[in-house]
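Listed below are the residues making up each chain.
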Protein chains: 4
Amino acid sequence: MSDSNEEMFKQLVETLNQDNTMTQKQLQILEAAIKIISEKGYYNTSTSEIAKQAGVAEGTIFRHYRTKKDLLVAIVTPVVTNISAPFFAEQFVDQAFSKSYQTFEEFLYAFVENRFEFVKTNVPLLKIVLQELSFHPEIQAAYKRAFTEKVHPAMCEVLNHYKKRGDLKDIPNQTMIRMAVPSIIGFLITRFIIQPNAEWNDEQEIKQTIDYIMNGIGK
Amino acid sequence: MSDSNEEMFKQLVETLNQDNTMTQKQLQILEAAIKIISEKGYYNTSTSEIAKQAGVAEGTIFRHYRTKKDLLVAIVTPVVTNISAPFFAEQFVDQAFSKSYQTFEEFLYAFVENRFEFVKTNVPLLKIVLQELSFHPEIQAAYKRAFTEKVHPAMCEVLNHYKKRGDLKDIPNQTMIRMAVPSIIGFLITRFIIQPNAEWNDEQEIKQTIDYIMNGIGK
Amino acid sequence: MSDSNEEMFKQLVETLNQDNTMTQKQLQILEAAIKIISEKGYYNTSTSEIAKQAGVAEGTIFRHYRTKKDLLVAIVTPVVTNISAPFFAEQFVDQAFSKSYQTFEEFLYAFVENRFEFVKTNVPLLKIVLQELSFHPEIQAAYKRAFTEKVHPAMCEVLNHYKKRGDLKDIPNQTMIRMAVPSIIGFLITRFIIQPNAEWNDEQEIKQTIDYIMNGIGK
Amino acid sequence: MSDSNEEMFKQLVETLNQDNTMTQKQLQILEAAIKIISEKGYYNTSTSEIAKQAGVAEGTIFRHYRTKKDLLVAIVTPVVTNISAPFFAEQFVDQAFSKSYQTFEEFLYAFVENRFEFVKTNVPLLKIVLQELSFHPEIQAAYKRAFTEKVHPAMCEVLNHYKKRGDLKDIPNQTMIRMAVPSIIGFLITRFIIQPNAEWNDEQEIKQTIDYIMNGIGK
DNA sequence: TATGAATGAGTATTCATTCAT
DNA sequence: GATGAATGAATACTCATTCAT
């Protein structure tokens, strides 16, 4: 497991290194920081601990990140992009409109599966986001903005589309979102954070979740 | 508002003082601690700040609570009881069985309204619980125990009762709970923590939430 | 010598404790700080060193002085008052006008002797002031203000008085001051800072200095 | 002004490069170091700041100067030579003896004017010397040596010469020097460091200073 | 020769906790 | 019980210096 974890953290860090400008040491720092902070929280993690775990001198951290907080931000900010990635991509809405998905349910299924995989491979990062969001208003702001500017509008477009097709009840988008989103997030949090070690039949759980949502908002 | 807040915090503290063994100073300490910690988080709140806000010497805090963490525990542990209070009370299951509620929906409505009021009057305490739960395994344990030992069994009993009555689909309790709970919690968090200042039509929102749940698990 | 120094530093600190509000520890901190900073300079003196020398925990320093700089300011600000004390006292000008001194030379003699004694008993404090003045604009400001608002006006009044009496040449006060002050300060710095260990015939040196000044500005 | 400053600093550096052995980078380093250190002091100036200002990598500084202190010494040591240059030059004494100056006053005038120009063009270097002298005993030593071995003897020779000519009072050289030097230095410091931005009538001020000195030590 | 990433000892400051009064 | 001065371990951050390239 330790081995597979090693791999996992390296992949996470690679995600943060999208423009490939990071040095080896910087990658080690990020890897260590994610590992420890996701386990113990930002305030319980000292820079000296990160340095030790990263196999790097403490000063090296501050060569790359002016402050400890900057390091947190460097970890947590890219996640907002990836969380809402599907909504940014134009294909998202396009696909919905195209014949890719015959029904809303099909669309929803694809969406949930996609986000399921995303969460699965990003648990440590998402733990950090969940835990620290309350304490860092600047980070909160980034997430709120992404939601109101990108995610929410894209959701509405899609919902409108399928409403016209007659797949959905005649309920305000606002309401639909307020119902469906916690159902999805609730599932993912239970699955990967509250009870990650329980035995899960993922396929079935996803199907049940979607059924549940469709009963609530589908026609 | 400041005035009404004063009142609110005093009430919160009274809840923690159920056996009436606390001194005046102790109440002041708890009140101050809840106020500040719920705003800034445990690690961003110093004991000296709490002491000042409580109008008490710093040493006095440690006369009542051996460590800062003990203070947190003193705040956060009683909440678990109150959160799950309905499930502890024998009346809870009894009521369900009695004729108090003709249908599951009626029961659910009463339950959600009850928890709605609870959350409404306990926002600061619940914020603290939500924020700190991740970082303090001992506290987590208390919550997990309460859930598995009390809440979950009680829920099952009730569900079984209404299943027999034919109000509910023939789905495993496990699944029903996994669907319904996030719907309720999701609503309450959105309502009181994420967007407490939005304009809410609470009655309508509760009704919608229940409809949504009932569509998913009701017959 | 160590013994006499002990005494000396305690006296210096007493001067800073004029309102008698300082605790024992605080006096120890000031004493240690003056001793070390006057020898090695502010930037070469660490708070841990001061704490050790003062026989006090490092945290204790910061209980009394919010920052290291605050400690410096606490040492250096009172000195400005004492340096210019004679000019603050109303007696200063009054005496000059009264029959206390028949001639300007007599007056000057009394003044130089007085400042000589002051410098003699305040060498460490004055060293600190001289050394740090360049680096701390806030401190500079305090000194400039004292000079322009108190010292300079008082000097002018006195000079005018003795000009009328015919003791002094008809030269602008400005010029007189620019000549006489460096002569006095130059003597005191040479005497107590540059060559404190040379053999000095103080009485004679003071007389010579005054003669020199009087030749320059006296009639 | 920025332009004229650029020029000024380049000239200062050229002075330090008398044997023309310095590389371009080295000159840039010195220039940057003088500029920043004279403004903010040695301890408030980091080598990285100097490197950046010099347009040079941080390591380059240490290729030329083993330590940061060495850099300071490289800046400050040559100044001692230039400060006391007139006394080193054999012409200095010779001129005094030759018919170049009919009287001591003439000689003094030439000397003060010469040092006035020197200070004027070396303010940044002299600021550094004044500020740092207290903290670096090695540098102090260099200055003390130059004074006792060269400056003082040369002064004495000159004074003796003019004493014989009957231009000066019959006072010990020691005393004369102790009076005259602070008068000159006091003027220059006031003029260029304490109040560099005041409106100065330099010619007149120099004359006044010399008159003042001559009254004190001239016959 | 020049670079600049990496180092790690050193520093000011914070803060939970103790304890004499 | 209550106080608040004192503690000292812990922490984020700086910076002169080194060294592989």
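Residues numbered from 1 in each chain as written. Chains lettered and ligands numbered in written order. Predicted model: local features only at pLDDT ≥ 70, side-chain atom pairs only at ≥ 80, totals over all residues. Heavy atoms only, no water.

- Chain A appears in an unreviewed UniProt entry as TetR/AcrR family transcriptional regulator from Virgibacillus tibetensis.

## Regarding the packing of helix α5 (residues 68-83) of chain D against helix α10 (residues 137-164) of chain D
Residues and elements named next belong to chain D.
Step number 1: For the pair α5 and α10, the least separation of the axes is 10 Å and the interaxial angle reads 10°. The orientation of α5 relative to α10 falls into the category roughly parallel. Between α5 and α10 lies a crossing whose hand is right-handed. Each of Lys69, Leu72, Val73, Val76, Val79, Val80 and Ile83 in α5 lies in contact with α10, whose residues at this interface are Glu138, Ile139, Ala142, Tyr143 and Ala146.
Step number 2: The residue inventory of the contact of α5 with α10, partitioned by class, reads 10 nonpolar, no polar and 2 charged. (Axes fitted to C-alpha atoms, helices over the stretch in contact; angles between N-to-C directions. Helix = DSSP H or I, 4+ residues; strand = E, 2+ residues; numbered from the N terminus. Parallel < 35°, antiparallel > 145°, perpendicular 65-115°, else oblique. Left-handed = near helix turned anticlockwise from the far one by under 90°. Contact = heavy atoms within 4.5 Å. Nonpolar A, V, L, I, M, F, W, Y, C, P; charged D, E, K, R; others polar.)

## Topic: the relation of the copies chain B and chain A
Step number 1: The two copies are related by a screw operation: chain B maps onto chain A through 179° of rotation and 0.0 Å of translation along the axis, at an RMSD of 0.2 Å. Those values place the two copies in the arrangement expected of a two-fold rotation axis.
Step number 2: Interface residue correspondence from chain B to chain A reaches 100%, placing this contact among same-surface, isologous pairings. (Least-squares fit on C-alpha atoms with pLDDT ≥ 70 in both.)

## Description of the protein's contact with DNA strand E
Step number 1: Near DNA strand E lie 28 residues; those nearest to it are A:Thr60, B:Thr47, B:Lys68, C:Lys68 and D:Thr60.
Step number 2: One nitrogen or oxygen atom from the side chain of D:Lys25 is found 3.0 Å from a phosphate oxygen belonging to DNA strand E.
Step number 3: Contacts to DNA strand E include D:Ala57, whose backbone N or O atom sits 3.3 Å from a phosphate oxygen.
Step number 4: The set of elements that each furnish at least two residues to the surface near DNA strand E consists of α4 (58-64) of chain A, α4 (58-64) of chain B, α4 (58-64) of chain C together with α4 (58-64) of chain D.
Step number 5: Here the surface near DNA strand E is built from residues that sort into 6 nonpolar, 14 polar and 8 charged. (Near = heavy atom within 4 Å. Polar contact = N/O pair within 3.5 Å; in protein donor to acceptor, adjacent residues only side chain to side chain.)

## Let's talk about the protein's contact with DNA strand F
Step number 1: Near DNA strand F lie 29 residues; those nearest to it are A:Lys68, B:Thr60, C:Thr60, D:Thr47 and D:Lys68.
Step number 2: In DNA strand F, atoms within 4 Å of the protein come from the sugar-phosphate backbone in 61% of cases.
Step number 3: Between DNA strand F and B:Thr60 there is a distance of 2.5 Å, counted from a phosphate oxygen to a side-chain nitrogen or oxygen.
Step number 4: Measuring from a phosphate oxygen of DNA strand F, one finds a side-chain N or O atom of C:Lys25 at 3.2 Å.
Step number 5: Split into classes, the residues belonging to the surface near DNA strand F amount to 6 nonpolar, 15 polar and 8 charged.

## A few points about the UniProt feature "DNA-binding region" (unreviewed entry) in chain A
Step number 1: Cross-referencing UniProt, the feature "DNA-binding region" (unreviewed entry) maps to residues 46-65 of chain A in the present numbering.
Step number 2: With 75% helix and 0% strand, residues 46-65 of chain A has end C-alpha atoms that lie 14 Å from one another. (UniProt positions renumbered as here; feature names shortened; annotations may be inferred.)

## Remarks on the domain arrangement of chain A
All names here are of chain A.
Step number 1: Here the domain parsing of chain A yields domain 1 (3-67) and domain 2 (70-217).
Step number 2: Domain 1 and domain 2 are separated by 27 Å when their C-alpha centres are compared.
Step number 3: Listed as interface residues are 20 residues of domain 1 and, on the opposing side, 19 residues of domain 2.
Step number 4: Summing both sides of the interface, domain 1 and domain 2 together bury roughly 1,600 Å²; the carbon and sulfur share of this comes to 72%.
Step number 5: Linking domain 1 to domain 2 there are 0 salt bridges.
Step number 6: Counting across the domain 1 and domain 2 interface gives 3 residue pairs in polar contact (both at pLDDT 80 or more).
Step number 7: In terms of residues, the side of domain 1 that touches domain 2 owes the most to one element, helix α2 (residues 24-40), which gives 6 residues.
Step number 8: Of the residues assigned to the side of domain 1 that touches domain 2, the class counts are 14 nonpolar, 5 polar and 1 charged. (Domains from an automatic or database assignment. Buried area = accessible area lost by both parts, 1.4 Å probe. Salt bridge = Lys/Arg side-chain N within 4 Å of Asp/Glu carboxyl O.)

## Things to note about the side chain of B:Glu205
Step number 1: Mapped onto the fold, B:Glu205 is located in helix α12 (residues 202-217).
Step number 2: Take B:Glu205: its relative accessible area is 15%, and that puts it in the buried class.
Step number 3: In this structure, B:Glu205 is in contact with A:Arg178, B:Phe187 and B:Trp200, ignoring residues within four places of it in sequence. (Buried < 20%, exposed > 50% of the residue type's maximum accessible area, 1.4 Å probe, protein only.)

## Regarding the relation of the copies chain C and chain D
Step number 1: Overlay of chain C on chain D (RMSD 0.2 Å): rotation 179°, translation along the axis 0.0 Å.
Step number 2: Both copies present the same face, since 100% of the interface residues in chain C are matched by interface residues at the equivalent positions in chain D.

## Looking at helix α2 (residues 24-40) of chain D
Residues and elements named next belong to chain D.
Step number 1: Over its 17 residues, α2 runs 24 Å from end to end, which matches the ideal 24 Å to within 8%, given 1.5 Å per residue.
Step number 2: By the criterion of burial, α2 is predominantly enclosed, with 12 of the 17 residues buried.
Step number 3: Regarding α2, the residues found buried are Gln26, Leu27, Ile29, Leu30, Glu31, Ala32, Ala33, Ile34, Lys35, Ile36, Ile37 and Ser38.
Step number 4: Gly41, located one to two residues past α2, shows a positive phi value of around 90°. (Expected span 1.5 Å × (residues − 1).)

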